Amino acid sequence: MRKFVIDCDTGTDDAIALMAAFGCEEIEILGITSVNGNVNEDNVSRNNLNMCEYLGWEVPVCRGAAYPFTMGFRNSSDQTHGKTGLGSVVIPEAVSHTFDRRISSRFLYEKAVECQGELELLVTGPMTNIAAAIIQYPDFAKLIKHLWFMGGAVYGGNVLPTAEFNIWVDPEAALTVFSSGIPLTMVGLDVTLKAIMTREDIEELRANGSKAAVLTADLLEFMEKRFARGGEDIIMHDALALAAAVYPECLQYRDYWMDVETRGDYTRGHTYADVRNKLNRQPNVRVATEIDVPAFRRWLVDKICLCK
Ligand code: RIB
Ligand code: CA
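Quick caveat, the model's predicted, so the values are computed rather than measured. (Residues numbered from 1 in each chain as written. Chains lettered and ligands numbered in written order. Predicted model: local features only at pLDDT ≥ 70, side-chain atom pairs only at ≥ 80, totals over all residues. Heavy atoms only, no water.)

(A) The overall build of the chain, seen in detail. When helices and strands are tallied, the chain shows 11 helices and 10 strands. A compact globule built from 308 residues should have a C-alpha radius of gyration of about 19 Å, and the chain, at 18 Å, falls within 12% of that. Dimensions along the principal axes, computed over C-alpha positions, put the chain at roughly 55 × 40 × 40 Å. Counting every position in the chain, which comprises 308 residues, the buried fraction comes to 59%. For the chain, the proportion of contacts with a sequence separation of at least 24, taken over those separated by at least 6, is 81%. For the chain, the accessible area works out to roughly 12700 Å², and carbon and sulfur atoms hold 52% of it. Positive and negative charge centroids in the chain, built from 30 and 42 side chains respectively, lie 2 Å apart. (Helix = DSSP H or I, 4+ residues; strand = E, 2+ residues; numbered from the N terminus. Rg over C-alpha atoms; globule rule 2.2 N^0.38 Å. Buried < 20%, exposed > 50% of the residue type's maximum accessible area, 1.4 Å probe, protein only. Contact = heavy atoms within 4.5 Å. Areas by Shrake-Rupley, 256 points an atom, 1.4 Å probe, with all protein chains shown as cover. Lys, Arg positive; Asp, Glu negative; His and termini not counted. Charge placed at Lys NZ, Arg CZ, Asp CG, Glu CD.)

Quick look at the structure:
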């Protein structure tokens, strides 16, 4: 059984990715680590803990980085994920589950050591916790079998025309990860912007009636209303990064040498891909470049319906 830790900034699409992950019988989730991003770390951590209790997931939940490396980012008043991070959706506060005593970077390292090189990471938020583990524990990077992440873009951006949110929040952390030697698969905006769910998917999930399916339908309906108000569409950024790990055939890939821009008023957070191999450097990132959208949507609805 493949072993994963999921590092996330739960957020509406992170929450859906978590439920899909717990519907994947082929992987074992060893823990959930929380990072500041869509909302502040306190809300992210509470969302992760509350989801575990609400859905009966018995895995450690760790608190994590409250700020990016340079402290520059402050959570915006942007309502993409609502005030709590779960949009307008409310789930009960955890009463029996409590946070693991370890901070996320320490937990990530201990699991990496326990798994003896077999640990994989799914990262769906800013990379602050991962970078912290890399710099705190010199042998951490070599112990990670593969890191699958939602972030970046070869072309375009969302928070800036040149930068995607997860990388833009903490470019220094992303640069640390990109240059760590950890095998990386990037699922960026090039493919995630096409990973849009539909009204039919929402109705199928609601008809399924399981706790996870109904919670997912509620989150998708929040996104549907958000889009109707001029906000982001019903985009499954983070679940597509999970798909890259467990359903790779729904994507196509290219290997690029990539770097992260950490300077510039208009370019900080840009993920640079040497697509023409001008620099003649060894590729360090496998990048998803094409998506089979109907296949992905079918897979995601099926996994949510399997979520225990
Ligand atoms: O740019 C999209 C990413 O930023 C997603 O991971 C979303 O959850 C937000 O974190
Ligand atoms: Ca996220």
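There is more to say after this.
(B) Quick peek at the coordination of the calcium ion (ligand 2). Protein coordination at the calcium ion (ligand 2) comes from Asp9 (OD), Asp14 (OD), Asp14 (OD), Thr124 (O) and Asp238 (OD), with a distance range of 2.2 to 2.6 Å. Summarised as a motif, the one-chain spacing of the donors to the calcium ion (ligand 2) is D-x4-D-x109-T-x113-D. When sorted by exposure, Asp9 lands in the same class as Asp14, which is buried. (Donors = N, O, S within 2.8 Å, 3.2 Å for Na, K, Ca; no water.)

(C) Summary view of helix H4 (residues 128–136). Of all the nine residues making up H4, seven are buried; the element is thus mostly covered by neighbouring parts of the structure. Those residues of H4 that fall on the buried side of the exposure criterion are Thr128, Asn129, Ile130, Ala131, Ala132, Ala133 and Ile134. Tucked inside the fold, the buried residues of H4 contact strand E1 (2–8), strand E2 (27–34), helix H3 (104–114), strand E4 (119–123), strand E5 (144–150) and helix H6 (171–178).

(D) Examining the pattern of salt bridges more closely. According to the stated counting rule, one finds 22 salt bridges in the structure shown. Measuring nitrogen to oxygen at the nearest pair gives 3.5 Å for the salt bridge that ties Glu203 to Arg199. Residue Glu203 and its partner Arg199 are located together in helix H8 (residues 199–208), separated by four residues, close to a single helical turn. The partly exposed category is assigned to Glu203, whose relative accessible area is 45%. Classification of Arg199 by relative accessible area gives partly exposed; the value is 30%. The partner of Arg298 in a salt bridge is Asp302, and the shortest N-O contact between them spans 2.8 Å. (Salt bridge = Lys/Arg side-chain N within 4 Å of Asp/Glu carboxyl O.)

(E) Representation of the site of ligand 1 in the model. Surveying the vicinity of ligand 1 reveals 13 residues, the closest of which are Asp13, Asn158, Glu164, Asn166 and Asp238. Within the side chain of Asp13, a nitrogen or oxygen atom sits 2.5 Å from an oxygen atom of ligand 1. Asn166 has a polar side-chain atom sitting 2.9 Å from an oxygen atom of ligand 1. The fraction of the free accessible surface of ligand 1 (280 Å²) that becomes covered by protein chains is 96%. According to the grid-proximity analysis, the pocket containing ligand 1 is the largest pocket. At the level of secondary structure, the elements contributing two or more residues to the shell around ligand 1 comprise helix H1 (12–21), helix H5 (165–169) and helix H10 (237–246). Considered class by class, the residues forming the shell around ligand 1 number two nonpolar, six polar and five charged. (Near = heavy atom within 4 Å. Polar contact = N/O pair within 3.5 Å; in protein donor to acceptor, adjacent residues only side chain to side chain. 1 Å grid on protein atoms, 1.4 Å probe; cavity = no way out; pocket = protein on both sides within 12 Å on 5 of 7 lines; lining within 4 Å. Sits in = over half its atoms within 2 Å of the grid points. Nonpolar A, V, L, I, M, F, W, Y, C, P; charged D, E, K, R; others polar.)

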